[in-house]
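Geometric and topological summary
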Amino acid sequence: MTPRWRLFTKYAAFIIILVSAALLASGGVSLYFSYRENQDHLITLQHEKALAAATRIEQYINEIEHQLGWTALPQATAGGNVIEQRRYEYLKLLRQAPAITEVAWLDRSGREQLRVSRLAMDVVGSGTDFTRDPKFAGAKGGKTWYSPVYFRKETEPYMTISRPAGGAAGGITVAEVNLKFVWEVVSRIQIGKAGLAYVVNADGTLIAHPDISLVLKKTDLSNLSQVAGTLREKDEATPIARNLAGKEVLTAHASIPTLDWTVFVELPLVEAFAPLYASILRIGLLLIAGLVLSMLASVYLARVMVTPIRALQRGAAQIGAGQLDQRIDIHTGDELEALSEQFNKMAADLKSFYVGLERKVEERTAELREALEQQTATADILRVISSSPTDIQPVLDAVAVSAARLCGANDVVIRLIEGEVHRAVAHYGTLVPAPPRPIGSGTVSGPAMREQRTVHVEDVLARPDEHTGYMRSLGIRTALAAPLLREDKAIGAIVLRRLELKPFTAKQIKLLEIFAAQAVIAIENVRLFNETKEALEQQTATADILRVISSSPTDVQPVFDAIADSAARLCDASDVLIRRVDGDSMWLVAHVGSMPVTLAPGLKVSDKSFMGRAARERRSIHIHDVLEPHVQEEYPESLVFLREGGGGYRTVLAVPLLREDTVTGIIIIRR
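Residue numbers restart at each chain and count upward from 1, following the sequence in its written direction. This being a predicted model, a pLDDT of at least 70 is required before a residue's local features are given, and a value of 80 or more before pairs of side-chain atoms are given or counted; all residues contribute to the totals for chains, interfaces and linings. Hydrogens and water are ignored here; the side-chain numbers use all heavy atoms of the structure.

1. So, the overall build of the protein chain
Quick reminder of the rule: Only DSSP runs of H or I covering at least 4 residues are called helices, and only runs of E covering at least 2 are called strands; the numbering of each starts at the N terminus. When a residue's accessible area, from a 1.4 Å probe over protein chains only, is under 20% of the maximum for its type it is buried; when over 50% it is exposed; and in between it is partly exposed. What makes two residues a contact is simply this: any of their non-hydrogen atoms within 4.5 Å. Per-residue accessibility takes into account occlusion by the displayed protein chains alone, with areas from the Shrake-Rupley method and a 1.4 Å probe.
Helices and strands together make up the secondary structure of the protein chain, namely 19 helices and 24 strands. Expressed as a percentage of its 671 residues, the buried residues of the protein chain come to 39%. Look at the contacts in the protein chain between residues 6 or more apart in sequence, and 52% of them connect residues 24 or more apart. Summed over all atoms, the accessible surface of the protein chain reaches about 37100 Å², with 57% contributed by carbon and sulfur.

In structure tokens form, the structure reads like this:
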């Protein structure tokens with residue numbers, strides 16, 4: 001029969017999902033198009049403002065050029081002093097154009113004849129040759145020449161404008177223009193509440209900004225993505241970038257071709273997308289309203305279902321009170337009707353089986369009690385496992401107690417394989433466990449471990465052999481052993497013993513196998529925990545050494561000391577020595593431990609010592625016992641200290657320090 005959903009869950013989930021999906025889809029589409037339209041509109045607006053600013057700046061420069069043109073008009077008195085006349089015109093120009101700080105007249109040959117300045121003394125007839133200067137050569141053809149932006153005395157930005165001087169004398173008029181006045185044009189541009197405009201030259205250097213201090217610092221903006229994009233040939237700046245403060249802004253630009261400048265306008269992204277955030281808020285409120293509406297609809301549907309559910313409740317209560325003839329009559333055509341039919345069928349089944357109900361309940365209760373005892377025992381063992389992650393003994397003791405109680409044994413012994421024998425590691429009962437025995441021997445434990453299967457000896461007296469003699473001496477009649485298997489390999493066994501002739505049942509055998517599996521899990525947990533702990537200690541030691549390396553980049557001695565200390569602690573060594581190899585000599589650089597170092601600090605790299613052999617052969621040398629004759633013959637120089645009776649180390653390990661197949665040192669561990 002196809003399973004049905006609960007009505008409340010079905011309708012509530014359907015309505016909530018439908019309304020939420022519709023709102024999310026509508027809101028998502030609206031949000032996407034609103035984002036695109038808002039961004040395109042803002043970019044267009046930004047670009048228009050940038051064009052307007054560029055036009056204003058260009059008009060400002062053109063106005064200065066126009067004022068320069070006044071000085072190119074023919075002189076009123078042709079017979080007068082040309083220099084005095086031009087000086088008079090230049091002085092009027094300085095009064096009328098505050099941005100111009102200095103005006104000079106170069107004659108037709110490119111020599112300076114007059115210079116009128118706000119910042120210095122006027123100069124007449126200096127004759128300085130500017131023939132090769134771009135400000136003369138650029139305007140010599142009759143065109144106006146604009147210089148790149150430069151900073152006079154490393155402070156304010158300037159540019160030079162030169163054009164034909166006109167008049168009978170001809171020549172070139174050269175004017176130095178202080179671009180600080182462009183700041184007024186830029187600062188008057190309003191872009192939102194926090195937006196701004198600024199101007200950069202062809203190199204990306206800031207030449208006009210509302211914050212004049214940035215201009216005076218000659219701030220380089222070429223590293224900004226929007227500026228770098230315009231500097232690269234055939235490239236466009238991205239509309240969203242970061243400003244000098246690192247905040248995201250919406251940016252646009254417009255160029256001034258005649259000056260090779262670029263005007264940028266920026267608006268903080270938060271301010272630019274404020275309408276979009278308002279749309280998101282509205283969509284969120286609509287979604288919340290839709291969810292509330294769907295929940296109210298779900299509550300209404302739940303109320304509609306109350307009547308048949310109450311009928312089911314009354315009928316179930318009557319059936320529970322023993323009125324098995326009660327019938328629940330519901331005709332809704334859904335799960336409630338099917339549920340009422342199940343109640344009616346259940347009442348009929350209860351009535352038909354009422355006679356044998358008590359017997360079945362008792363049998364079931366007994367089974368449940370037994371299962372509960374087994375689960376309780378399993379839970380107790382698991383609790384001991386969790387509370388004793390590093391000690392296996394409490395777990396094995398708990399397994400022995402539970403196995404004896406639930407399997408009805410007089411005695412329980414847990415034996416583990418240690419080397420070539422298996423010995424008792426946990427015992428519960430009054431009998432004495434057998435002493436350590438070779439692997440494979442024993443009445444039940446040996447075959448269980450050897451054959452990796454459960455062994456059941458129903459009657460010990462029925463097997464009169466040498467293996468059952470110990471059991472017969474204790475009066476044991478029945479024995480059961482289950483192997484402890486780890487990766488298809490026996491590591492021990494659990495043995496149950498009874499003084500009376502009473503074979504174990506199949507359930508008890510199965511339960512013992514479960515206890516065996518739990519014991520293996522506990523043993524594995526302890527082993528893995530210890531391995532993890534050891535690995536953690538190694539990682540911690542490595543981290544400590546790396547920390548010392550990073551904190552001591554110029555002094556290697558703390559690193560050697562940390563390595564020696566970690567090696568002595570993790571390798572359980574009596575002492576650790578680190579020697580540096582320099583040519584044919586080995587110099588002591590670090591030592592940790594209680595054993596004295598009586599050899600000279602500088603030792604020769606010799607094949608007659610294990611240290612020298614490790615350095616020459618570039619391999620680790622491990623001597624298990626230095627007292628073995630062949631060791632003393634092979635490494636006579638390394639045993640001088642031992643023969644003198646001073647230290648008495650027995651085991652030694654030497655590991656070379658290699659760098660690109662070159663030995664730079666050696667670590668020695670001794671016990």
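Okay, back to it.
2. Some words on the packing of aromatic side chains
We describe a pair of aromatic rings using the distance from one ring centre to the other and the angle between the two ring planes. Defined as follows: Note on ring pairs: Phe, Tyr and Trp rings are taken, using the six-membered ring of Trp, and paired if centres are within 6.5 Å. Classes follow the plane angle, with under 30 degrees stacked, over 60 edge-to-face and the rest tilted. Should the NZ of a Lys or the CZ of an Arg lie within 6 Å of a ring centre and within 35 degrees of the ring normal, that charge is described as sitting over the ring.
Scanning all chains against the criterion turns up two aromatic pairs. Centroid distance Tyr-150 to Tyr-158: 6.3 Å. Interplanar angle 20 degrees. Geometry classified as stacked. On the basis of relative accessible area, Tyr-150 is assigned to the partly exposed category, the value being 26%. Accessibility expressed as a relative area gives 4% for Tyr-158, which makes it buried. Here Tyr-198 and Phe-264 contribute two aromatic rings whose centre-to-centre distance is 5.5 Å and whose plane-to-plane angle is 15 degrees, an arrangement assigned as stacked. Of this pair, Tyr-198 sits in strand β8 (residues 196-200) while Phe-264 sits in strand β12 (residues 261-268); the two residues are 66 residues apart in sequence, bridging distant segments of the chain. Its end group placed over the ring of Trp-105, Arg-86 keeps NZ or CZ at 4.7 Å from the ring centre. Between Arg-498 and the ring centre of Phe-504, over which it is positioned, the NZ or CZ distance is 3.8 Å.

3. A short note on helix α10 (residues 335-352)
Our working definition: Helix span, expected: 1.5 Å multiplied by one less than the number of residues in the helix.
Relative to the 26 Å expected for 18 residues at 1.5 Å per residue, α10 spans 26 Å between its end C-alpha atoms, a close match to the ideal helical length. Among the residues of α10, Glu-335, Leu-336, Ala-338, Ser-340, Phe-343, Asn-344 and Ala-347 are the ones counted as buried.

4. A short note on the nonpolar core
Rule in force here: In plain words, nonpolar cores are sets of buried Ala, Val, Leu, Ile, Met, Phe, Trp, Tyr and Cys residues tied together by side-chain atoms within 4.5 Å.
Residues Ile-57, Ile-100 and Trp-261 are the most contacted members of the largest nonpolar core, which totals 48 residues. Not counting the four nearest positions on each side in its chain, Ile-100 is found in contact with Ile-64, Leu-68, Leu-93, Leu-94, Arg-118, Ala-175, Glu-176 and Val-177. Within the second largest apolar cluster, 33 residues are counted, among which are Val-395, Ala-398, Leu-416 and Leu-484.

5. Concerning the sheet that holds β12
Let me state the cut-off plainly: One bridge is not enough; two strands pair if DSSP finds at least two bridges between them. Orientation is described by axes fitted as lines to C-alpha atoms, over the contacting stretch for helices, and by angles from 0 to 180 degrees between their N-to-C directions.
Here five strands make up an open sheet; going across it, the order is β9-β8-β12-β11-β10 and the pairing antiparallel. Two strands in the sheet have a free side with no partner beyond their single neighbour: β9 (206-208) and β10 (240-242). Neighbouring strand axes in the sheet, compared pairwise and without regard to direction, differ in orientation by 45 degrees on average. Where β10 and strand β11 (residues 248-256) come together, three bridges link them in antiparallel fashion.

6. Remarks on the pairing of β12
Among the eight residues that make up β12, seven are buried, leaving the element largely enclosed by the rest of the structure. Of the strand pairs in this sheet, β8 and β12 are connected by five bridges, and their pairing is antiparallel. When the sheet's bridge partners are listed, Leu-196 is paired in β12 with Glu-266. By the bridge criterion, eight bridges tie β11 to β12 in an arrangement that is antiparallel. Opposite Ala-252, over in β12, you have Val-265 as the bridge partner. With antiparallel pairing between neighbouring strands as the criterion, β11 and β12 make up a hairpin whose turn holds four residues, including Asp-260 at a positive phi of roughly 60 degrees.

7. Section: the sheet that holds strand β15 (residues 437-438)
In space, the six strands of this open sheet follow the order β15-β14-β13-β18-β17-β16, with antiparallel pairing throughout. With partners counted over all chains shown, the strands left at the sheet margins are β15 and β16 (455-457), one partner each. Where β16 lies against strand β17 (residues 478-485), three bridges are found, and the strand directions are antiparallel. By the bridge assignment, His-456 is partnered in β17 with Leu-480. In the packing of helix α15 (residues 506-551) onto the sheet, contacts are made with β13 (411-418), β16, β17 and β18 (490-498), and the angle to β17 comes to roughly 35 degrees.

8. Some details on unusual backbone geometry
Within the chain, Asp-488 stands out as a residue other than glycine whose phi angle is a positive 60 degrees. Following the sequence through the fold, Asp-488 ends up in the loop between β17 and β18. With a phi close to 55 degrees, Glu-660 is a non-glycine residue in the positive phi region. Along the chain, Glu-660 falls in the loop between β23 (652-659) and β24 (662-670).

9. Focus on the confidence of the model for the protein chain
In regions of low pLDDT, the predicted coordinates are not meant to be interpreted in detail. Defined as follows: One number per residue, pLDDT, summarises how confident the predictor is, and it ranges from 0 to 100.
Here the protein chain averages 79 in pLDDT, while 87% of its residues score no lower than 70. Averaged pLDDT values over the elements of the protein chain bottom out at 51 in helix α19 (residues 640-643) and peak at 91 in β23.

10. Considerations on helix α2 (residues 82-96)
Turn by turn, an α-helix covers 3.6 residues, leaving residues three or four places apart pointing in a common direction. Here α2 contains 15 residues, and its C-alpha end-to-end distance of 21 Å stays within 8% of the 21 Å for a straight helix at 1.5 Å per residue. Inspection of α2 places Gln-85, Arg-86, Tyr-90, Leu-93 and Leu-94 among the buried residues, and these make up the whole buried set.

11. Structural notes on the side chain of Arg-415
Quick reminder of the rule: By the criterion applied in these results, polar contacts are pairs of N or O atoms within 3.5 Å in which, for protein atoms, one can donate a hydrogen and the other can accept it, and in which residues neighboring in sequence qualify only through two side-chain atoms.
Secondary-structure assignment places Arg-415 in strand β13. At 2.9 Å, the side chain of Arg-415 and the side chain of His-422 are in polar contact.

12. What to know about the pattern of salt bridges
Stated precisely, the cut-off is as follows: Think of a salt bridge as a Lys or Arg side-chain nitrogen and an Asp or Glu carboxyl oxygen that are within 4 Å of each other.
Inspection of the entire model under this criterion finds 17 salt bridges. Where Glu-634 meets Arg-613, a salt bridge forms, and the shortest distance between an N and an O atom there is 3.1 Å. Of this pair, Glu-634 sits in helix α18 (residues 629-634) while Arg-613 sits in helix α17 (residues 610-617), placing them 21 residues apart in sequence. Take Glu-634: its relative accessible area is 33%, and that puts it in the partly exposed class. Salt bridges sharing common partners tie together Arg-613, Glu-617, Arg-619 and Glu-634.

13. Notes on the packing of helix α12 (residues 393-407) against α15
We apply this condition: Put simply, angles under 35 degrees are roughly parallel, angles over 145 are roughly antiparallel, angles from 65 to 115 are roughly perpendicular, and the rest are oblique. Under the grouping applied here, Gly and all other residues not named as nonpolar or charged are polar, the nonpolar ones being Ala, Val, Leu, Ile, Met, Phe, Trp, Tyr, Cys and Pro and the charged ones Asp, Glu, Lys and Arg.
Interhelical geometry of α12 versus α15 gives an angle of 175 degrees and a closest axis separation of 10 Å. When the axis of α12 is compared with that of α15, the two are roughly antiparallel. Between α12 and α15, the residues in contact are Val-395, Leu-396, Val-399, Ser-402, Ala-403, Leu-406 and Cys-407 and Gln-508, Leu-511, Leu-512, Phe-515, Ala-519 and Ala-522, respectively. In the contact of α12 with α15, the residues fall into 11 nonpolar, two polar and no charged.

14. Thoughts on the packing of α15 against helix α16 (residues 557-570)
With their axes 9 Å apart at the nearest point, α15 and α16 run at an angle of 170 degrees to one another. As judged from the angle between their axes, α15 and α16 are roughly antiparallel. Facing α15, whose interface residues are Glu-537, Gln-538, Ala-541, Ile-545, Val-548 and Ile-549, α16 presents Pro-558, Val-559, Ala-562, Ile-563, Ser-566, Arg-569 and Leu-570.

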